[in-house]
Amino acid sequence: MSASRIRRITVVALLTACATTIAFADAPPAAQIKPRQDKLRDMGGALKAITDEIKKGRIDWDNAVIPNAQTVKDRSVYILNWFPKGSGPEAHIKTYALPVIWQKFDDFTKQGKQLQADAVKLQQVANAKDEAGLKAQVQTIGKTCKACHDTYRSPDYEKDNEE
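Residues numbered from 1 in each chain as written. Predicted model: local features only at pLDDT ≥ 70, side-chain atom pairs only at ≥ 80, totals over all residues. Heavy atoms only, no water.

Draft legend 1. Region of the structure containing the overall build of the chain. Along the backbone of the chain there are 7 helices and 0 strands. Sequence-ordered secondary structure for the chain, helices as α and strands as β, is α-α-α-α-α-α-α. Out of the 163 residues in the chain, the part that is buried amounts to 36%. Taking the intrachain contacts of the chain between residues at least 6 apart in sequence as the baseline, contacts between residues at least 24 apart amount to 73%. For the chain, the accessible surface area stands at approximately 9600 Å², while carbon and sulfur atoms represent 56% of it. (Helix = DSSP H or I, 4+ residues; strand = E, 2+ residues; numbered from the N terminus. Buried < 20%, exposed > 50% of the residue type's maximum accessible area, 1.4 Å probe, protein only. Contact = heavy atoms within 4.5 Å. Areas by Shrake-Rupley, 256 points an atom, 1.4 Å probe, with all protein chains shown as cover.)

Structural data, given as structure tokens:
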């Protein structure tokens, strides 16, 4: 992938992220639940796509790993903005976000910042096309996601999203 193409993709991603953040910040808390769920699914899907590439044994860096690592990184930057007060169960809209998020927001913030750091490292190893580093970082970010999900996401998510 050429440097100019990477710059264009980065600029488009940043502009999209800024526009999304502005629109998201202006929405009432209850209206932020569905977009939050969509963005979290984007991150999960991107991480799954990377994991699938590793399992294949022949990694498509340019078409699969690098763009999906970019998605994880781009989304992670805003994750802490996706959980304003009032966007939990009290909004009376189906959400898997547990009230403990807002009760222990300092810990939730710490875990969100860990995800952000892990996502930066994921993008770095992807851009370096470092297979061993990628495998290790996917495990690391998976543990970070699991730690947050175990504490802050309803177990109903697993039941409602069984394949």
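Picking up after the structure, the text goes on.
Draft legend 2. Structural detail: helix α2 (residues 33-56). Spanning 24 residues, α2 covers 34 Å between terminal C-alpha atoms, matching the ideal 34 Å at 1.5 Å per step. Turning to α2, its buried residues number three or more, namely Ile 33, Arg 36, Gln 37, Lys 39, Met 43, Ala 46, Leu 47, Ile 50, Glu 53 and Ile 54. Once α2 finishes, Gly 57 follows within two positions and takes phi at roughly 90°, a positive value. (Expected span 1.5 Å × (residues − 1).)

Draft legend 3. Inspection of the packing of helix α5 (residues 105-127) against helix α6 (residues 131-152) at higher detail. Running from N to C, α5 and α6 cross one another at 160°; their axes reach a closest spacing of 9 Å. The orientation of α5 relative to α6 falls into the category roughly antiparallel. The two elements α5 and α6 cross, and the hand of that crossing is left-handed. Residues Asp 107, Phe 108, Gln 111, Gln 114, Leu 115, Asp 118, Ala 119, Lys 121, Leu 122 and Val 125 of α5 form the contact with α6, whose own contacting residues are Gly 133, Leu 134, Gln 137, Val 138, Thr 140, Ile 141, Thr 144, Cys 145, Ala 147, Cys 148 and Tyr 152. Looking at the contact of α5 with α6 residue by residue, the classes come out as 12 nonpolar, 6 polar and 3 charged. (Axes fitted to C-alpha atoms, helices over the stretch in contact; angles between N-to-C directions. Parallel < 35°, antiparallel > 145°, perpendicular 65-115°, else oblique. Left-handed = near helix turned anticlockwise from the far one by under 90°. Nonpolar A, V, L, I, M, F, W, Y, C, P; charged D, E, K, R; others polar.)

Draft legend 4. The arrangement of the pattern of salt bridges in detail. Here the structure, examined in full by the defined rule, presents 10 salt bridges. Among the salt bridges present, the one from Glu 53 reaches Lys 56, with a minimum N-O distance of 2.9 Å. You can see Glu 53 and its partner Lys 56 sitting in helix α2, 3 residues apart, about one turn around the helix. Given a relative accessible area of 9%, Glu 53 falls into the buried group. Judged by its relative accessible area of 56%, Lys 56 is exposed. (Salt bridge = Lys/Arg side-chain N within 4 Å of Asp/Glu carboxyl O.)

Draft legend 5. Up close: the packing of aromatic side chains. The full count for this structure, using the stated rule, is 5 aromatic pairs. With a centroid separation of 6.4 Å and an interplanar angle of 50°, the aromatic rings of Phe 83 and Trp 102 are classed as tilted. Taken together, the positions of Phe 83 in the loop between α3 (61-76) and α4 (100-103) and Trp 102 in helix α4 put the pair 19 residues apart, joining distant regions of the chain. Ring centres 5.6 Å apart and planes at 35° place the aromatic pair Phe 105 and Phe 108 in the tilted group. Residue Phe 105 and its partner Phe 108 are both found in helix α5; the two are separated by 3 residues, about one turn of the helix. Take Phe 105: its relative accessible area is 29%, and that puts it in the partly exposed class. (Phe/Tyr/Trp six-rings, centres within 6.5 Å; stacked < 30°, edge-to-face > 60°.)

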